[in-house]
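Fold and contact review
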Amino acid sequence: MSNGLDVFLDATGKLVKTIPTLYEDLAQPAVQETGKFIARIPTAINAALSGIDCWIEGRNYRIKETKKLLEKKLENVNPDKIVPPDSYVAIPALEAISNSMDSEELRNMYANLLANAMNIDTKDSVHPSFVEIIKQLSPLDAQVIKYVRDNAFKLATITFRFQRDNLTPNLGFTNGSIGFEVVSNATCIPLDEMPYHYIQMSLDNLLRLGLIHIDYSKYLDDQTLYDNILEAFSESVEELVKETFNDPKYEDYKIVPAKGRIYSNTLFKIFCDVCV
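The following paragraphs examine the structure supplied in this document.

Each value, and the rule that gives it
Residues numbered from 1 in each chain as written. Predicted model: local features only at pLDDT ≥ 70, side-chain atom pairs only at ≥ 80, totals over all residues. Heavy atoms only, no water. Helix = DSSP H or I, 4+ residues; strand = E, 2+ residues; numbered from the N terminus. Buried < 20%, exposed > 50% of the residue type's maximum accessible area, 1.4 Å probe, protein only. Contact = heavy atoms within 4.5 Å. Axes fitted to C-alpha atoms, helices over the stretch in contact; angles between N-to-C directions. Parallel < 35°, antiparallel > 145°, perpendicular 65-115°, else oblique. Left-handed = near helix turned anticlockwise from the far one by under 90°. Nonpolar A, V, L, I, M, F, W, Y, C, P; charged D, E, K, R; others polar. Phe/Tyr/Trp six-rings, centres within 6.5 Å; stacked < 30°, edge-to-face > 60°.

**Looking at the environment of Ala-117**
- Within the secondary structure layout, Ala-117 lies in helix H4 (residues 104-117).
- Remark: the alpha-carbon pair of Ala-117 and Val-89, spanning 28 residues in sequence, is separated by 7.7 Å.

**Description of the side chain of Thr-66**
- Mapped onto the secondary structure, Thr-66 falls in helix H2 (residues 50-73).
- Judged by relative accessible area, Thr-66 falls into the buried class, the value being 1%.
- When near neighbours in sequence (up to four residues on either side) are disregarded, Thr-66 contacts Leu-94, Ile-97, Met-101 and Leu-114.

**Let's talk about the packing of helix H3 (residues 87-97) against H4**
- As a packed pair, H3 and H4 sit with axes 10 Å apart at the nearest point and diverge in direction by 160 degrees. In terms of their interaxial angle, H3 and H4 are classed as roughly antiparallel. In terms of crossing hand, the pair formed by H3 and H4 is left-handed. Contacts from Val-89, Ala-90, Ala-93, Leu-94, Ala-96 and Ile-97 in H3 reach Arg-107, Tyr-110, Ala-111, Leu-113, Leu-114 and Ala-117 in H4.
- For the contact of H3 with H4, the per-class residue count stands at eleven nonpolar, no polar and one charged.

**Examining the packing of aromatic side chains**
- Within this structure, the stated rule accounts for twelve aromatic pairs.
- Centroid distance Phe-162 to Tyr-253: 5.5 Å. Interplanar angle 40 degrees. Geometry classified as tilted. Highlighted residues: Phe-162 in strand S1 (residues 156-164) and Tyr-253 in strand S4 (residues 253-264), separated in sequence by 91 residues.
- Phe-162 sits in the buried class, given a relative accessible area of 6%.
- Arranged with centres 5.3 Å apart and planes meeting at 85 degrees, the rings of Tyr-250 and Tyr-253 form a pair that is edge-to-face.

As structure tokens, this is what we get:
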């Protein structure tokens with residue numbers, strides 16, 4: 001019996017001695033693989049963040065370019081009048097300009113804003129909302145703003161309506177007469193032969209931002225401004241009406257142009273003084 005016990009204990013002892021070696025043999029590959037896995041984590045993180053790293057480097061470059069722009073715009077300002085800009089203007093403006101370096105129009109707007117915010121003579125005119133306004137502009141919007149600024153009191157517009165024959169143009173329009181708007185707020189703004197609907201979209205955006213207004217209760221004295229619009233749009237309006245209202249029930253309808261004017265306000269003027 002004792003011999004059997006001795007044999008059992010002896011075998012058990014050998015097994016116990018074998019287990020650590022066996023564990024090392026089994027665990028070592030797993031540990032090695034775990035080590036490799038852990039070592040890959042920083043590489044994976046670097047790869048995942050590589051785009052952000054590029055963005056940070058690009059932002060730093062764009063900030064340097066912004067400083068160059070500001071040096072140019074402030075070169076004629078007395079250095080004693082150059083002051084730190086208010087942070088609630090400068091920080092969002094710097095963030096925004098770093099994302100607009102590909103657009104000369106928007107880049108210059110932000111740079112003008114920052115330059116005025118750093119000039120003690122003009123910084124009080126820099127409203128923080130101007131940054132948000134520029135953020136919502138396209139390069140084409142910036143061109144339209146310049147055109148509106150440079151052509152004040154010459155901005156005619158026409159809305160073409162298709163309505164019954166017995167209504168006067170502007171009275172019928174402003175009173176909401178029975179009829180249809182075919183083309184609204186048509187203008188002749190010559191910007192690199194841009195299609196009308198792009199110009200229209202820009203005007204709608206400036207209206208939405210409260211920078212301009214369109215009034216059909218009054219119109220300009222210079223009839224040639226309206227004649228230019230009629231010449232540019234009449235043919236396409238007629239074609240559109242034929243395609244859309246090809247029905248006998250519209251026999252007593254006709255195309256009626258309603259004359260209006262586009263004008264700006266104080267916000268627009270100060271915005272242009274600061275940013276354009």
